[in-house]
Amino acid sequence: LKANAIFLNNAGLCYIDLKDYEQAESFFRGAINILEDHTLKFELKFNLAVSLERQGNIQAAALEYWDVVQEAPKFAEAWLNLAALHHKYGQVETAIHFYLGGFDAAPSDAFKIKAMCLNNLGVAYYSIGNSSGVEHAYLMLKELSVVEEYDIRMAELNLFRTQQVVCNWKNFGVKTSSLVR
């Protein structure tokens, strides 16, 4: 049974590469039905969520990602994709929660996932004007970058832009008060 499920999963991944997401969904669902009580099920459900998301079936994709993080809370990629989905559709506060969940779920040696969570976290904080959140995400990413070589220029840019906006608002208040006098 496991071999059949792996075959169906691999076929589904091939269909994703071919951009035939409906066919991919069908193969992933078949594999999930075979392995209802197996640890591979979480990877299959994650792949199903990816295919649903690419078909534009956002609610179904979010539910599948949510099922994965509920049943396998250490599946960091599911947290990250769930966060990105919420972020993309304007639910930034929820996305922030899920980016933090992804960062916490990722094993200490999963640098790429941790860096993606932190970088996206900084962008999410930036989009709601939370400069201290941006700075916190940036500093965590910078600390992580000491361990691994990582180009943190994008994170630095987000931090700079946020500081610039905060500075402009402070200057705006000073200029406005001097004009009102």
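As the structure is a computational prediction, the values presented were derived from the model and not from experiment.

**Points about the overall build of the protein chain**
- Within the protein chain one finds nine helices and zero strands.
- In sequence order, the protein chain lays out its α and β elements as α-α-α-α-α-α-α-α-α.
- Across the 181 residues that make up the protein chain, the buried fraction comes to 43%.
- A separation threshold of at least 6 residues defines the contact pool for the protein chain, and within that pool the share at least 24 residues apart is 49%.

**Observations regarding the pattern of salt bridges**
- One pass over the structure, following the stated rule, counts four salt bridges.
- Between arginine 29 and glutamate 25 there is a salt bridge, with its nearest N and O atoms 2.9 Å apart. Placement of the pair is arginine 29 and glutamate 25 together in helix α2 (residues 21-34), with a separation of four residues, close to one helical turn.
- Owing to a relative accessible area of 18%, glutamate 25 belongs among the buried residues under this scheme.
- The partner of aspartate 67 in a salt bridge is lysine 45, with the nearest N and O atoms 3.5 Å apart. Pair noted here: aspartate 67 is in helix α4 (residues 58-71) and lysine 45 is in helix α3 (residues 40-55), with a separation of 22 residues, a long-range link.
- Its relative accessible area of 28% is what places aspartate 67 among the partly exposed residues.
- Looking at lysine 45, the relative accessible area reads 12%, which means it is buried.

**What to know about the environment of phenylalanine 111**
- Tracing the backbone shows phenylalanine 111 in helix α7 (residues 111-127).
- Residue classification places phenylalanine 111 among the buried residues on the basis of a relative accessible area of 12%.
- In this structure the C-alpha to C-alpha distance between phenylalanine 111 and leucine 141, which are 30 residues apart in sequence, comes to 10.0 Å.

**Notes on the packing of aromatic side chains**
- Throughout the structure, instances matching the rule amount to five aromatic pairs.
- Taken together, a centroid distance of 5.8 Å and an interplanar angle of 55° make the contact between tryptophan 66 and phenylalanine 98 tilted. Highlighted residues: tryptophan 66 in helix α4 and phenylalanine 98 in helix α6 (residues 92-105), separated in sequence by 32 residues.
- Of the residues examined, tryptophan 66 reaches a relative accessible area of 34% and is grouped as partly exposed.
- Grouped by ring-pair contacts, the aromatic residues Phe46, Tyr65 and Phe75 constitute a single cluster.
- Across from the ring centre of phenylalanine 103, 4.0 Å away, lies the NZ or CZ of lysine 114, which sits over that ring.

**Considering the nonpolar core**
- Residues Tyr65, Phe75, Tyr99 and Leu121 are the most contacted members of the largest nonpolar core, which totals 53 residues.
- If you list the elements that add at least two residues to this core, you get α1 (2-17), α2, α3, α4, α5 (76-88), α6, α7 and α8 (131-147).
- Beyond its immediate chain neighbours, meaning those up to four positions away, phenylalanine 75 contacts Phe42, Glu43, Phe46, Val68 and Val69.

**Section: the packing of α5 against α7**
- One can describe the packing of α5 onto α7 by two numbers: an axis separation of 11 Å at closest approach and a directional angle of 20°. Relative to α7, the element α5 is oriented roughly parallel. Here the hand of the crossing between α5 and α7 comes out left-handed. Between α5, through Ala76, Glu77, Leu80 and His87, and α7, the contact on the second element is made entirely by Ile113, Met116, Cys117, Asn120, Val123, Ala124 and Ser127.
- Residues of the contact of α5 with α7, tallied by class, amount to seven nonpolar, three polar and one charged.

Rules and cut-offs
- Residues numbered from 1 in each chain as written.
- Predicted model: local features only at pLDDT ≥ 70, side-chain atom pairs only at ≥ 80, totals over all residues.
- Heavy atoms only, no water.
- Helix = DSSP H or I, 4+ residues; strand = E, 2+ residues; numbered from the N terminus.
- Buried < 20%, exposed > 50% of the residue type's maximum accessible area, 1.4 Å probe, protein only.
- Contact = heavy atoms within 4.5 Å.
- Salt bridge = Lys/Arg side-chain N within 4 Å of Asp/Glu carboxyl O.
- Phe/Tyr/Trp six-rings, centres within 6.5 Å; stacked < 30°, edge-to-face > 60°.
- Lys NZ or Arg CZ within 6 Å of the ring centre and 35° of its normal.
- Core = buried A, V, L, I, M, F, W, Y, C linked by side-chain atoms within 4.5 Å.
- Axes fitted to C-alpha atoms, helices over the stretch in contact; angles between N-to-C directions.
- Parallel < 35°, antiparallel > 145°, perpendicular 65-115°, else oblique.
- Left-handed = near helix turned anticlockwise from the far one by under 90°.
- Nonpolar A, V, L, I, M, F, W, Y, C, P; charged D, E, K, R; others polar.

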